[in-house]
Amino acid sequence: MRSQADKVRPVSIVVLTVLAIVLGAFDLIIGAPALIFAFFIYCLTLIWKSILVTTLSLQSVSIFSMTVAVSYTAMACVYFITAHGYWTGRGWGWTLGLTSAILGMIPGVFSLVAGIILEIEFMSSVGVPNIVVNAIMVCLLTRLDVKEYFGRTPPTAPPTQTL
């Protein structure tokens, strides 16, 4: 097995790293405002304790917003950690990247199906890029040069000349 310094970083690794950073940034862009919104709604429920109906509906909105915010922020962290694993060629980066890419397709499929069933064009248009980007990541991660970079396959020997 080659040492870390001897590894040549394939172009696919650069593409995977950039995709992971972009996906992490998008998730953080969605998660951070949702967290602020959830905190704001939670503060409103504390202020309006005397109004029972409004407080219950605000609490449910706050819980939903907090769930969305935490999930997007957690996925952003996973994507950033995965990008580090890609760039440094760690074996766990390949495993984490493949797992997150496969699991990342699930919300895209749900969004696409819900958009088609409910006839909401926005939902289906959000699902398609999610599926495409994660499918590209899976395809790149299963390439032979990428697997070799992560130490998932034995290194290929250079062709020898025979007489």
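Attention here is on the structure that accompanies the text.

### Comments concerning the overall build of the protein chain
Link 1 in the chain: When helices and strands are tallied, the protein chain shows 5 helices and 0 strands.
Link 2 in the chain: Out of the 163 residues in the protein chain, the part that is buried amounts to 31%.
Link 3 in the chain: Pairs at least 24 apart in sequence give 66% of the contacts found in the protein chain among residues at least 6 apart.
Link 4 in the chain: As displayed, the protein chain offers around 10,400 Å² of accessible surface, 76% of which is attributable to carbon and sulfur atoms.

### Regarding the pattern of salt bridges
Link 1 in the chain: Applying the stated criterion to the full structure yields 1 salt bridge.
Link 2 in the chain: Residue R143 pairs with D145 through a salt bridge whose shortest N-O separation is 3.3 Å.
Link 3 in the chain: Here D145 falls in the partly exposed class, since its relative accessible area comes to 28%.

### What about the side chain of D27?
Link 1 in the chain: Here D27 lies in helix α1 (residues 11–47).
Link 2 in the chain: R152 is the oppositely charged side chain nearest to the buried, salt-bridge-free D27, at an N-O distance of 21 Å.

### Section: a nonpolar patch on the surface
Link 1 in the chain: Side chains of V14, V18, V22, F26, I29 and W87 sit close together on the surface and give an oily, nonpolar patch of about 540 Å² of accessible area.
Link 2 in the chain: The leading source of residues in the nonpolar patch is α1, at 5 residues.

Conventions used here
Residue positions are counted from 1 within each chain, in the order its sequence is given. Where totals are concerned, whole chains, interfaces and linings use all residues; where local detail is concerned, this predicted model gives features only for residues with pLDDT of at least 70, and gives and counts side-chain atom pairs only at 80 or more. Based on all heavy atoms of the structure, the side-chain values leave hydrogens and waters out of the count. Secondary structure elements are defined from DSSP: runs of H or I of at least 4 residues count as helices, runs of E of at least 2 residues count as strands, and each element is numbered from the N terminus. The classification of residues rests on relative accessible area computed with a 1.4 Å probe and restricted to protein chains. Under 20% of the type maximum is buried, over 50% is exposed, and intermediate values are partly exposed. Between two residues, a contact is recorded if the distance between any of their heavy atoms is within 4.5 Å. The Shrake-Rupley method, run with a 1.4 Å probe sphere, supplies the accessible areas, and residue values consider only the shown protein chains as cover. A pairing counts as a salt bridge when a side-chain nitrogen of Lys or Arg comes within 4 Å of a carboxyl oxygen of Asp or Glu. Note that His is not counted, nor are the chain ends; the positive residues are Lys and Arg, and the negative ones are Asp and Glu. Exposure above 30% relative accessible area and the absence of a salt bridge qualify a residue for a patch, where like charges join within 9 Å and nonpolar side chains (Val, Leu, Ile, Met, Phe, Trp, Tyr) within 5 Å.

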